[in-house]
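# Observations on chain architecture
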Amino acid sequence: MQVVKDVVIVGGGTAGWLAAAAIGKIYQGKLNVTLLESDAIGTVGVGEATIPTMMAFHKLIGIPEAEMMRETHATFKLGINFKNWGEIGEDYIHSFGQVGRIFWAGEFQHFWARAKKLGVNAPYGAYCLEHEAARTGKFAICENPILNYAFHFDAGLYAKYLRSFSEALGVVRQEGKVARVEQDADSGYVKRLHLESGVSIEGDFFIDCTGFRGLLIEETLNTGYENWQHWLPCDSALAVQSAKTGPATAYTSATAHEFGWQWRIPLQNRTGNGVVYSSQFAGRDWAEKTLISNLDGEKLFEPRLIQFKTGRRKLSWNKNCVALGLSSGFLEPLESTSIHMVTSGLIRLLRLFPLRGIQSVLVDEFNRQSREEAESIRDFIILHYHATRRNDTEFWNYVRTMPVPDTLRHRIDMFTESGMMFLGGDELFRTNGWTQVLIGQGVVPKHYQPIVDNMADGEF
Ligand SMILES: Cc1cc2nc3c(=O)[nH]c(=O)nc-3n(C[C@H](O)[C@H](O)[C@H](O)COP(=O)(O)OP(=O)(O)OC[C@H]3O[C@@H](n4cnc5c(N)ncnc54)[C@H](O)[C@@H]3O)c2cc1C
């Protein structure tokens, strides 16, 4: 066991700078942190919608919210508006709030299902403050009740903001492109990075934030990749920014199209857009035509193609290297979960950090938790595609009829038959999220918990 003192983060995208900010803050004075980034390679440049866990992360490392929002042209987000997912013409909001009240007799969906049988026709979301605020274009920061919110921000400006935050904490930034990675001959541990400039950087512990390529975790350590494309066949995105056309909505839009879907992320000064699609079913021409014809403002530059493979690295921590961000795997941006997974990975790493040396028990625990997190988020995202009645194209026929993971199959069946939802303690999406998406896409429970019948009809 070698004491860890020098940490090297490779990559200066959102993942790299989040890692620098968090490790720089929490282990200030205990670790030397260097971040290496290459201006010539650049960053993926997308990733502008977040979920409420971001607020907690900012609080943990001491990022002032108002300052961050000013510097990154950020807006508030209360949820995601899904259009055309269950069927063309339908829409619903997956909001960040609690739907209804928790009651000892059962969760709110049971009461809603009973009320529906009694002829009460209010949509499920009507019982959620954040849902109604998002729908009617209202927002406030208040203490009672608390509104759960997240942010839309400019990814480039966010990385820049985190850079100055991290440098003030003593993180050293180095610019340059890694040409060769040197490993220890006995252990295979990453030892030294040789840059094209001739400079070399040595470290005890490396964080791979090099994006999809996974320079250390894959190209050097050959960790392997678990491919989930048979469940999540979208593998391409065409992204473009457009001019602002009006006040920002307090939600991200996710509009389903024939062979994928389109995001719309409003910032203070412009709008981020992109079409996510499966190249198995459609080409770039379709994506470009669809993207441009659904912009609500003038496009600000030519669309940029990003290709990806949904899945995850078989290990997130291998030898003396942890992968964070796109180097650790990629799920659809449909529920804005990637940046969250960077921050949750960081919290995991901060807790298990091998200050006294790398022990297999720490590595195994990190990998176990990372796997469980990715699998449960994967299931939630597959649900959006699978729980559809759309049959207008081969793409929708495929996702509607494909076999899904057993864990997801069980959850959908349980909900359909009984309205019940059993979740693992660490799952990111809770009953509020699952029920809003299930009901929003037309999966309504056939039965509800009978104890709900104890409530008098007049009370509904
Ligand atoms: C289409 C799409 C939409 C997305 N939307 C969302 C969203 O709405 N919400 C969300 O949470 N997430 C989203 N994501 C994910 C999000 O963009 C990423 O999680 C986030 O940007 C982190 O990226 P990264 O830092 O891992 O990689 P990158 O941004 O790719 O950064 C890689 C870094 O590594 C450096 N590098 C690479 N090779 C070398 C080398 N040889 N030497 C030196 N440096 C090197 C690069 O210079 C760069 O600094 C989206 C992703 C895609 C593809």
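Next up on the list: the overall build of the chain. Helices and strands together make up the secondary structure of the chain, namely twelve helices and 21 strands. For 460 residues, the compact-globule formula gives about 23 Å, and the C-alpha radius of gyration of the chain, at 23 Å, lands near that figure. The C-alpha extent of the chain, read off along each of the three principal axes, is 75 × 50 × 45 Å. Of the contacts made within the chain by residues no fewer than 6 positions apart, 75% connect residues no fewer than 24 positions apart.

With that out of the way, let us pick up the site of the ligand. Around the ligand lies a shell of 38 residues, among which Gly11, Gly13, Gly47, Gly211 and Gly325 are the nearest. Contributing elements (two or more residues each) for the shell around the ligand: α1 (14-26), β2 (32-37), β13 (236-243) and α8 (338-352). If one sorts the elements of the shell around the ligand by residue count, α1 sits on top with three residues. Of the residues that constitute the shell around the ligand, the class distribution is 18 nonpolar, 17 polar and three charged.

Turning to the sheet that holds strand β19 (residues 317-318), a few remarks are in order. Spatially, the six strands line up as an open sheet ordered β7-β2-β1-β11-β20-β19, and their pairing is mixed. Whereas interior strands pair on both sides, the edge strands pair on one side only; in this sheet they are β7 (172-175) and β19.

Let's shift gears to the domain arrangement of the chain. Split into domains, the chain comes out as domain 1 (6-75 + 151-228 + 310-374), domain 2 (90-122 + 376-454) and domain 3 (236-307). Computed from C-alpha coordinates alone, the two centres of domain 1 and domain 3 are separated by 27 Å. Contacts between domain 1 and domain 3 engage 14 residues on the former and 14 residues on the latter. Among the residues making up the side of domain 1 that touches domain 3, the classes are represented as seven nonpolar, four polar and three charged.

With respect to topology, three strands assemble into an open sheet ordered β12-β18-β21, the strand pairing being antiparallel. Bordering the open sheet on either side are β12 (225-227) and β21 (329-330), each of which pairs with just one other strand.

What counts as what
- Within any chain, residue numbers begin from 1 and follow the written order of that chain's sequence.
- At least 70 in pLDDT is required for a residue's local features to be given in this predicted model, at least 80 for side-chain atom pairs to be given and counted, and no such filter applies to totals for whole chains, interfaces and linings, which use all residues.
- Going along the chain from the N terminus, every DSSP run of H or I of four or more residues is numbered as a helix, and every run of E of two or more is numbered as a strand.
- Only C-alpha atoms enter the radius of gyration; for comparison, a globular chain is expected to reach 2.2 Å times N to the power 0.38, where N is the number of residues.
- Throughout, a residue-residue contact means that the two C-beta atoms, derived from backbone geometry, are no farther apart than 7 Å.
- Placing a C-beta atom from the backbone of each residue, we mark the residue near a molecule or strand if the atom is within 6 Å of it.
- Asp, Glu, Lys and Arg are counted as charged, while Ala, Val, Leu, Ile, Met, Phe, Trp, Tyr, Cys and Pro are counted as nonpolar; the rest, among them Gly, fall into the polar class.
- In this analysis, strands are considered paired if DSSP registers two or more bridges between them.
- Domain segmentation is taken from an automatic or database assignment of domains.

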